[in-house]
Amino acid sequence: MTEGQGAPRQASPLWAGRLAEKPGREAFAFQASIAVDRRLAQDDIAGSRAHVAMLGARGIVPAETAEALDAELARISGELESGALEIDPRAEDIHSFVEGVLTARLGDRGRAVHAGRSRNDQVALDTRLYLRRVLPELRAELARTVSVLLDRAEEHAGSVMPGYTHLQRAQPVSLGHWLCAWACALSRDRERLGDALGRLDECPLGSGALAGSTLPLDREAVAKALGFRRPSLNSMDSVADRDFALEIAAACAIIQTHLSRFCEDIVIWSSEEWGFVDLGEAWSTGSSIMPQKKNPDFAELIRGKAGRSVGNLVTLLKGLPYAYDKDLQEDKEALFDSLDTAQSCLRIFRGMAAAARFDTGRMEAACAGGFLEATDAAEYLVKKGMPFRRAHETVAVIVRDCIAAGQRGIAQRSLEELRAYSPLFGEDLYPALSPRQAVRARDLPGGPDSGELKRQIGVLREKLGDGPGASAHGV
Ligand code: ARG
């Protein structure tokens, strides 16, 4: 290999000394990970800088070597940033690439960098550093999305609509209540990522291949220099385990599942039959053949992407012998895809949700005719002293009789008729049956009443300011 400035020619693999024969080009490329882990370049360099500073401080390499390595690493970082140095796609992985550049430029001093470490602890570190960088961004996307949903919920605190179970009209709620429910789910997702950030806050460097090192490494100093709370506890666990990746992939799969459900509602609501929402032209696409079409492609695509995020999670799940196995290399492609997918979906979902025009008149009209007031009638009887099961049966018979008579609501029956079912019914029943009153009367914590809803919105807004993990890692 030529030494001196510039990028190296394709270096031989770091492990070339052991094998008389090398894998062929296709086989080598098959096991390489540079195409995926290239995004860890700056994290790899940050880890290496902390490592060489420690090697110098501990006298494992001469101070002059440590300084030269650090200066060169800083230079490589800047050159990658500016584009002056390009990552060689023929390198095996990002760790090999950086070490290769150091060796090409610094000769034996470059060869000193890997003392006391392995790519196994390096990659565990790099992935954590990367996650520590990007998770706050994803949490910020969630915060912004929750905030848009809460604005819209506030706007629609008084917009009455049917609530559904089994996609059948159930009880009146408000659109604001519905939107706030979505905000609750995404707010938990944000907390989940905060929890995961807290748990990955341990530095694996110094774990070596699996059993640490005989060199007098200073793991505390490296952990501190890299801003970790502490070094990881067990070297085997540190290189073998990927639960930090798993739980983040799981958190992303949950985000996508949430978005998928919201988008399913949006797709249904935007249909002519429902007509609850108009996504606007900027958030729709047309058809190549049917001139009249305005399709909710964005919502459908977000729904569709849940599958790949769940797939990514499954990719990471398998029983492997301890400690490191090459299978673990597969973690990054899946994890990065889940993070990218969550980020882009949240951004698109947010834009779509902000622009959606809800047809509140149509929503309120849909509260009539489906006997959404039946539970209210039953609870009316309970308040008058009837056991709930009897009240349920009584109202069920009324509903059946109304349907048989072609009536679309309990209020279409006169008080006299209703008294035939129960003498407990009185004039005050009728106001209790209106959808607006049904919403207003549900003012328990969690309910749709607009005052109560405003409290829920306030709680979620407050959380956006200081959710778990917020203080340690921003956002
Ligand atoms: N590219 C590898 C990964 O992503 C780095 C660790 C390789 N270690 C090894 N012993 N082959 O997991």
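Rules behind the numbers
Residues numbered from 1 in each chain as written. Predicted model: local features only at pLDDT ≥ 70, side-chain atom pairs only at ≥ 80, totals over all residues. Heavy atoms only, no water. Helix = DSSP H or I, 4+ residues; strand = E, 2+ residues; numbered from the N terminus. Rg over C-alpha atoms; globule rule 2.2 N^0.38 Å. Buried < 20%, exposed > 50% of the residue type's maximum accessible area, 1.4 Å probe, protein only. Contact = heavy atoms within 4.5 Å. Areas by Shrake-Rupley, 256 points an atom, 1.4 Å probe, with all protein chains shown as cover. Lys, Arg positive; Asp, Glu negative; His and termini not counted. Charge placed at Lys NZ, Arg CZ, Asp CG, Glu CD. Patch = residues over 30% accessible without salt bridge, like charges linked within 9 Å, V, L, I, M, F, W, Y side chains within 5 Å. Salt bridge = Lys/Arg side-chain N within 4 Å of Asp/Glu carboxyl O. Pairing = 2+ DSSP bridges. Near = heavy atom within 4 Å. Polar contact = N/O pair within 3.5 Å; in protein donor to acceptor, adjacent residues only side chain to side chain. Nonpolar A, V, L, I, M, F, W, Y, C, P; charged D, E, K, R; others polar. Core = buried A, V, L, I, M, F, W, Y, C linked by side-chain atoms within 4.5 Å. pLDDT = per-residue confidence, 0-100. Axes fitted to C-alpha atoms, helices over the stretch in contact; angles between N-to-C directions. Parallel < 35°, antiparallel > 145°, perpendicular 65-115°, else oblique. Left-handed = near helix turned anticlockwise from the far one by under 90°.

## What about the overall build of the chain?
Moving on, step 1. Looking only at helices and strands, one finds 21 helices and six strands in the chain.
Moving on, step 2. In terms of overall dimensions, the chain is more spread out than a globule: its C-alpha atoms have a radius of gyration of 30 Å, far above the 23 Å expected for 475 residues.
Moving on, step 3. Referenced to the eigenvectors of the C-alpha coordinate spread, the extents of the chain come out at roughly 100 × 55 × 35 Å.
Moving on, step 4. A total of 475 residues make up the chain; the buried ones form 51% of that total.
Moving on, step 5. Put simply, of all contacts in the chain between residues at least 6 apart along the chain, 76% involve residues at least 24 apart.
Moving on, step 6. Approximately 22,200 Å² of the chain is accessible, and the part contributed by carbon and sulfur atoms is 53%.
Moving on, step 7. For the chain, the distance from the average site of its 59 positive side-chain charges to the average site of its 67 negative ones is 1 Å.

## Things to note about the environment of Leu210
Moving on, step 1. Mapped onto the elements of the fold, Leu210 is located in the loop between strand E3 (202-203) and helix H9 (219-225).
Moving on, step 2. Taking relative accessible area as the criterion, Leu210 reaches 36% and is therefore assigned partly exposed.
Moving on, step 3. Residues within four places of Leu210 in sequence aside, it is in contact with Ser235, Met236, Val239 and Ala323.

## Considering a nonpolar patch on the surface
Moving on, step 1. A contiguous nonpolar surface patch, about 290 Å² in accessible area, is contributed by Leu210, Met236 and Tyr322.
Moving on, step 2. Take Tyr322: it is sitting in the loop between helix H12 (297-315) and helix H13 (330-355).

## A short note on the pairing of strand E1 (residues 160-165)
Moving on, step 1. In terms of residue burial, E1 counts as a mostly covered element, since five of its six residues are buried.
Moving on, step 2. Strand direction decides the pairing type here: E1 and strand E2 (residues 168-174), joined by six bridges, are antiparallel. Among the inter-strand pairings, Val160 is bridged to a residue of E2, identified as Ser174.
Moving on, step 3. Two successive antiparallel strands, E1 and E2, enclose a turn made up of two residues, where His166 displays a positive phi of approximately 55°.

## Structural notes on the site of the ligand
Moving on, step 1. Taken together, Ser33, Asp37, Asp93, His95, Arg119, Asn120, Val123, Tyr324, Gln329 and Lys332 form the complete shell of residues around the ligand.
Moving on, step 2. In this structure, Ser33 approaches the ligand through a side-chain N or O atom, which is 3.0 Å from a nitrogen atom.
Moving on, step 3. Here Asn120 contributes a side-chain N or O atom positioned 2.8 Å from a nitrogen atom of the ligand.
Moving on, step 4. In isolation the ligand offers 340 Å² of accessible surface; the protein chains occlude 86% of this area.
Moving on, step 5. In terms of residue count, the dominant contributor to the shell around the ligand is helix H7 (residues 119-155) (three residues).
Moving on, step 6. Split by residue class, the shell around the ligand holds two nonpolar, four polar and four charged.

## So, the environment of Ser284
Moving on, step 1. Checked against the element boundaries, Ser284 lands in the loop between strand E5 (277-278) and H12.
Moving on, step 2. Sequence separation between Ser284 and Asp297 is 13 residues, and the spatial gap between their C-alpha atoms is 6.2 Å.
Moving on, step 3. Beyond its immediate stretch of four places on either side in the chain, Ser284 contacts Leu279, Lys294, Asn295 and Phe298.
Moving on, step 4. A distance of 2.7 Å separates the side chain of Ser284 from the backbone oxygen of Gly280, its partner in a polar contact.

## Some points on the nonpolar core
Moving on, step 1. Counting 87 residues, the largest nonpolar core has Phe97, Ile248, Trp269, Leu339 and Phe349 as its most contacted members.
Moving on, step 2. Examining the composition of this core, we find that 15 residues originate from one element, helix H11 (residues 243-269), more than from any other.
Moving on, step 3. In this structure, Phe371, Leu381, Val399 and Ile410 belong to the second largest nonpolar core, which totals 18 residues.

## Some details on the confidence of the model for the chain
Moving on, step 1. Mean pLDDT over the chain: 94, with 96% of residues reaching 70 or higher.
Moving on, step 2. Counted against residues more than four places away or in other chains, residues 1-9, with its pLDDT under 50, gives 20 contacts.
Moving on, step 3. Below pLDDT 50 for its whole length, residues 467-475 participates in 20 contacts with residues either more than four positions away or in separate chains.

## Let's talk about the packing of helix H3 (residues 41-57) against helix H5 (residues 94-106)
Moving on, step 1. Two numbers describe how H3 lies on H5: the axes approach to 10 Å, and their chain directions differ by 60°. Here H5 runs oblique to H3, going by the angle between their axes. Crossing of H3 against H5: the hand is right-handed. Here H3 contributes Ala41, Asp44 and Ile45 to the contact with H5, which in turn contributes Ile94, His95 and Val98.
Moving on, step 2. Looking at the contact of H3 with H5 residue by residue, the classes come out as four nonpolar, one polar and one charged.

## A word on the side chain of Arg442
Moving on, step 1. Of note, Arg442 is situated in the loop between helix H19 (435-440) and helix H20 (450-466).
Moving on, step 2. Residue Arg442 is classed as buried on the basis of its relative accessible area of 17%.
Moving on, step 3. A polar contact of 2.8 Å, which involves the side chain of Arg442, links it to the side chain of Asp376.
Moving on, step 4. Polar side-chain contacts of Arg442 include one of 3.0 Å to the backbone oxygen of Ala438.
Moving on, step 5. Non-local contacts of Arg442, meaning those with residues more than four positions away in its chain, are made with Gln171, Thr375, Asp376, Gly447, Pro448 and Asp449.

## Quick notes on the packing of helix H15 (residues 374-383) against helix H16 (residues 388-404)
Moving on, step 1. Their axes nearest at 8 Å, the elements H15 and H16 cross at an angle of 135°. When the axes of H15 and H16 are compared, the pair comes out oblique. Between H15 and H16 the crossing geometry is right-handed. Along the contact surface, H15 presents Ala374, Ala377, Ala378, Leu381 and Val382, while H16 presents Phe388, Ala391, His392, Thr394, Val395 and Val399.
Moving on, step 2. Classifying every residue of the contact of H15 with H16 by side-chain character gives nine nonpolar, two polar and no charged.

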